[in-house]
Amino acid sequence: MAAAANLPPQILESIFSYLNISDLRTCSLVCKKWYKFLNDENNDVWRFHCIRKVTEQVLKSDILKNVPTYKAKLRAFFHNWNLNDCSKNIVVKSGGFTVHRNPVAQSTDGARGKIGFKTGRHCWEVWWEGPLGTVAVIGLATKKASLHNIGYVSLLGGDDQSWGWNLVDNHLIHNGDSQGNYPTLNNAPTYQVGERIRVILDCEDNTLAFEKNYEFLGVAFRGLPDTPLYPSVSAVYGNTEISMVYLGPPLDG
């Protein structure tokens, strides 16, 4: 093991490039040298793994513009939309970071991310590409929350298993009821298509908050349950698209 730990960087790079992510996590615990090597999130090992998983189209687009390193881009890929956990009227586009709602009348449709959170602090960005329609909601849902409903409704937030912010009228919704205006500002501006909203989940304080244009808007929901909570959206407008990128722990201050 001592000999392996002293392998030159070029050899380590070659070996690590063939291992899966789980094995790399184990390797980082072997010794300080390996930990330091794998802790460089922009080295060629993470670049190789990122290129294998993330499509060239996504890497060349601005979807991941706020994700600075190859390892972080790879982490975002593993957290993106779950193609097996969305409404039948929603399609996850190639690359996995954007969902497309098909033009189906009198239907509200939702999608969930691949990974739910029960511990820690997490931040991700969500933005609309196309009209919002009458209801466009971002927030959280458990696995029990519905992802489809007839008519144009606040699907996300429509039951006790989901919590949402309707970007159209700036209302918070949970258990089918309005929880008040958000943010709590006089004449708060409504969402503009293309704006990136940062969603901040704190599983230690059981709170959900939002940030827009790098301005913290305040806590939206408190008392969240101690169960896995998934990044979620619901939409009503045909052909609209919604992108999501996981950023990791939020940066305080």
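Residues numbered from 1 in each chain as written. Predicted model: local features only at pLDDT ≥ 70, side-chain atom pairs only at ≥ 80, totals over all residues. Heavy atoms only, no water.

A. Structural view of the environment of Ile115. In this fold, Ile115 is placed in the loop between β4 (107-113) and β5 (121-129). The class of Ile115 is partly exposed, set by a relative accessible area of 31%. (Helix = DSSP H or I, 4+ residues; strand = E, 2+ residues; numbered from the N terminus. Buried < 20%, exposed > 50% of the residue type's maximum accessible area, 1.4 Å probe, protein only.)

B. View of the pairing of β5. The buried fraction of β5 amounts to seven of the nine residues, a majority that puts the element mostly inside the structure. Sheet analysis places β5 next to strand β11 (residues 197-202), joined by six bridges and oriented antiparallel. Within β11, the residue paired with Cys123 across the bridge is Ile200. Direction of pairing for β5 relative to strand β15 (residues 241-248): antiparallel, over a ladder of seven bridges. Within the sheet, the bridge partner assigned to Trp124 lies in β15 and is Tyr246. (Pairing = 2+ DSSP bridges.)

C. Spotlight on the UniProt feature "domain: B30.2/SPRY" (unreviewed entry) in the chain. Mapped onto the present numbering, the UniProt feature "domain: B30.2/SPRY" (unreviewed entry) falls on residues 59-251. For residues 59-251, the helix share is 6%, the strand share is 44%, and the end-to-end C-alpha distance is 24 Å. (UniProt positions renumbered as here; feature names shortened; annotations may be inferred.)

D. Spatial organisation of the domain arrangement of the chain. For the chain, the assigned domains read domain 1 (4-62) and domain 2 (80-248). Taken together, the contacts link four residues of domain 1 with four residues of domain 2. A combined buried area of about 280 Å² lies between domain 1 and domain 2, and 58% of that area is made up of carbon and sulfur atoms. The largest contributions to the domain 1 side of the interface with domain 2 come from Thr55, Val58 and Asp62, which together make up 80% of the buried area. For the pair domain 1 and domain 2, the number of links is zero salt bridges. Looking at the side of domain 1 that touches domain 2 residue by residue, the classes come out as two nonpolar, one polar and one charged. (Domains from an automatic or database assignment. Contact = heavy atoms within 4.5 Å. Buried area = accessible area lost by both parts, 1.4 Å probe. Salt bridge = Lys/Arg side-chain N within 4 Å of Asp/Glu carboxyl O. Nonpolar A, V, L, I, M, F, W, Y, C, P; charged D, E, K, R; others polar.)

E. How the structure looks around the packing of aromatic side chains. Across all of its chains, the model carries six aromatic pairs by this definition. Centre to centre, the rings of Trp165 and Phe210 are 4.9 Å apart; their planes meet at 55°, and the pair counts as tilted. With Trp165 in strand β8 (residues 162-166) and Phe210 in strand β12 (residues 207-212), the pair connects residues that are 45 residues apart, well separated along the chain. Through a chain of ring-to-ring contacts, three or more aromatic side chains come together here, namely Phe117, Trp124 and Tyr246. The ring of Phe77 has Lys114 sitting right over it, with the charged end atom 4.5 Å from the ring centre. The ring of Trp127 is capped by Arg196, whose NZ or CZ atom sits 3.7 Å from the centre of that ring. (Phe/Tyr/Trp six-rings, centres within 6.5 Å; stacked < 30°, edge-to-face > 60°. Lys NZ or Arg CZ within 6 Å of the ring centre and 35° of its normal.)

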